[in-house]
Amino acid sequence: MTEPALLAKIIAHRGASGVAPENTLAAISLAAEVGAKCVEIDASISSDNIAFVHHDDTLNRCTNGSGYLCAHTAAELDSLIASSNKAGFEQEPLPRLSSVVALLSSLQMGLNLEIKPTPGLEEPTALAVCDVIRDSWPGDLPLVLSSFSREALAVARDTLPGAARALIVCAVPTDWHHQTQLLQCRNLHMAAPLLDPQQASDINEAGLGLYCFTVNQIEEAKRLFAMGVDGVFTDYPAELLKSFS
Ligand code: G3P
Ligand code: MG
């Protein structure tokens, strides 16, 4: 029987990204300040295979750079500002995954690390993420490696079998049980509006942890917890933590 990989009931999605620039050290620090015990972040790689924390394939939306992140060297990415999509914040660097891990370690926070490869870079992205985790993740804090990419999860399974994994889906696929078994995943992470009670019950019964994104309304979180969801990813952890601890 699979054991769920428990993170926290309220997880700060890309840090406290409703308020601070997403996937930055500031967003993670703010999440900690408001009482979050766990964050979700996204990771992809530079052209020289260094893992950076960023959601999109391209740099345009969140940074003062442009073009594909994977087309830039780590040295080039180190010089970018990643707070250009939020007014009123100090300039924030585009963080390397290693810096985020160091911060989480000092804050004693758990991590859901989403491996977010640019298509075609599934294997090197998963390998770069696993390298950082192997070298520096403190063993006593909750950690789940997740991905929409089954290829990236298979690489993580084979490279760092001891790290818990989650398959991310939008809607629950018909072969969810087979896929999570094949990838030896302990959790299923999915889009909140697409979950129905029967699916939630089947997933719980299979012994998988069940987490939903992106949940910014208290009523929606209540509905999901009543169905047996273990936790939700939210852009506004301060607000949800007032109702759920
Ligand atoms: O990991 C959960 C969620 O973050 C997946 O979607 O696009 O926000 O990375 P996205
Ligand atoms: Mg994500």
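Scoring rules and cut-offs
Residues numbered from 1 in each chain as written. Chains lettered and ligands numbered in written order. Predicted model: local features only at pLDDT ≥ 70, side-chain atom pairs only at ≥ 80, totals over all residues. Heavy atoms only, no water. Helix = DSSP H or I, 4+ residues; strand = E, 2+ residues; numbered from the N terminus. Rg over C-alpha atoms; globule rule 2.2 N^0.38 Å. Buried < 20%, exposed > 50% of the residue type's maximum accessible area, 1.4 Å probe, protein only. Areas by Shrake-Rupley, 256 points an atom, 1.4 Å probe, with all protein chains shown as cover. Donors = N, O, S within 2.8 Å, 3.2 Å for Na, K, Ca; no water. Expected span 1.5 Å × (residues − 1). Contact = heavy atoms within 4.5 Å. Core = buried A, V, L, I, M, F, W, Y, C linked by side-chain atoms within 4.5 Å. Near = heavy atom within 4 Å. Polar contact = N/O pair within 3.5 Å; in protein donor to acceptor, adjacent residues only side chain to side chain. Nonpolar A, V, L, I, M, F, W, Y, C, P; charged D, E, K, R; others polar. Phe/Tyr/Trp six-rings, centres within 6.5 Å; stacked < 30°, edge-to-face > 60°. Salt bridge = Lys/Arg side-chain N within 4 Å of Asp/Glu carboxyl O.

A few words on the overall build of the protein chain. Of the regular secondary structure elements, the protein chain holds 9 helices and 9 strands. Expected size for 245 residues packed as a compact globule is a radius of gyration near 18 Å; at 17 Å, the protein chain falls within 12% of this value. Across the 245 residues in the protein chain, those meeting the buried criterion constitute 55%. For the protein chain, the exposed surface amounts to about 10,100 Å²; the carbon and sulfur share of it is 51%.

What follows concerns the coordination of the magnesium ion (ligand 2). With distances of 2.0 to 2.1 Å, the protein atoms coordinating the magnesium ion (ligand 2) are Glu 40 (OE), Asp 42 (OD) and Glu 114 (OE). Spacing between the donor residues of the magnesium ion (ligand 2) along their common chain follows E-x1-D-x71-E. For the pair shown, Glu 40 and Asp 42 are each scored as buried.

The subject of this paragraph is helix H4 (residues 122-136). Because each turn of an α-helix spans 3.6 residues, side chains separated by three or four positions end up pointing in the same direction. Between its first and last C-alpha, H4 extends 22 Å over 15 residues, near the 21 Å set by a 1.5 Å rise per residue. Glu 122, Thr 125, Ala 126, Ala 128, Val 129, Cys 130, Val 132 and Ile 133 are the residues of H4 that are buried. Where the residues of H4 are buried, they touch strand E2 (38-45), strand E3 (51-53), helix H3 (97-107), strand E4 (110-115), strand E5 (143-147) and helix H5 (150-159).

Ranked by internal contacts, the top residues of the largest apolar core, which has 38 residues, are Val 39, Ile 41, Leu 97, Leu 113, Val 129, Ile 133 and Leu 145. Elements supplying a minimum of two residues to this core: helix H1 (25-33), E2, E3, H3, E4, H4, E5 and H5. A total of 6 residues in this core trace back to one element, the largest contributor, which is H4. Sequence-distant contacts of Leu 97, defined by excluding residues within four places in its chain, comprise Ile 41, Ala 51, Phe 52, Val 53, Leu 113, Val 129 and Val 132. Leu 167, Ala 206, Val 232 and Phe 244 belong to the second-largest nonpolar core, a separate cluster that totals 28 residues.

It is worth spelling out the site of ligand 1 at this point. With respect to spatial proximity, the complete set of residues near ligand 1 consists of His 13, Arg 14, Glu 40, Asp 42, His 55, Glu 114, Lys 116, Phe 148, Ile 168 and Phe 213. Between ligand 1 and Arg 14 there is a distance of 2.8 Å, counted from an oxygen atom to a side-chain nitrogen or oxygen. At a separation of 2.7 Å, an oxygen atom of ligand 1 approaches a polar side-chain atom of Glu 40. Here the shell around ligand 1 is composed, by residue class, of 3 nonpolar, 2 polar and 5 charged.

This brings us to the packing of aromatic side chains. Inspection of every chain in the model, using the stated rule, returns 3 aromatic pairs. Between the aromatic rings of Phe 148 and Phe 213, the centroid separation amounts to 6.2 Å while the plane-to-plane angle is 85°, which identifies the pairing as edge-to-face. Here Phe 213 lies in strand E8 (residues 209-213) and Phe 148 lies in the loop between E5 and H5, a separation of 65 residues in the sequence. Given the relative accessible area of 37%, Phe 148 is considered partly exposed.

Right, let's get into the pattern of salt bridges. Within this structure, the stated rule accounts for 11 salt bridges. Two residues, Asp 78 and Arg 96, come together in a salt bridge whose shortest N-O distance is 2.6 Å. Here Asp 78, found in helix H2 (residues 74-78), pairs with Arg 96, found in the loop between H2 and H3; they are 18 residues apart in sequence, far enough to count as distant. Classification of Asp 78 as partly exposed rests on a relative accessible area of 37%. Take Arg 96: its relative accessible area is 28%, and that puts it in the partly exposed class. Residue Glu 219 pairs with Lys 222 through a salt bridge whose shortest N-O separation is 3.5 Å. Within this pair, Glu 219 and its partner Lys 222 are both found in helix H8 (residues 218-227), separated by 3 residues, close to a single helical turn. A relative accessible area of 55% places Glu 219 in the exposed class.

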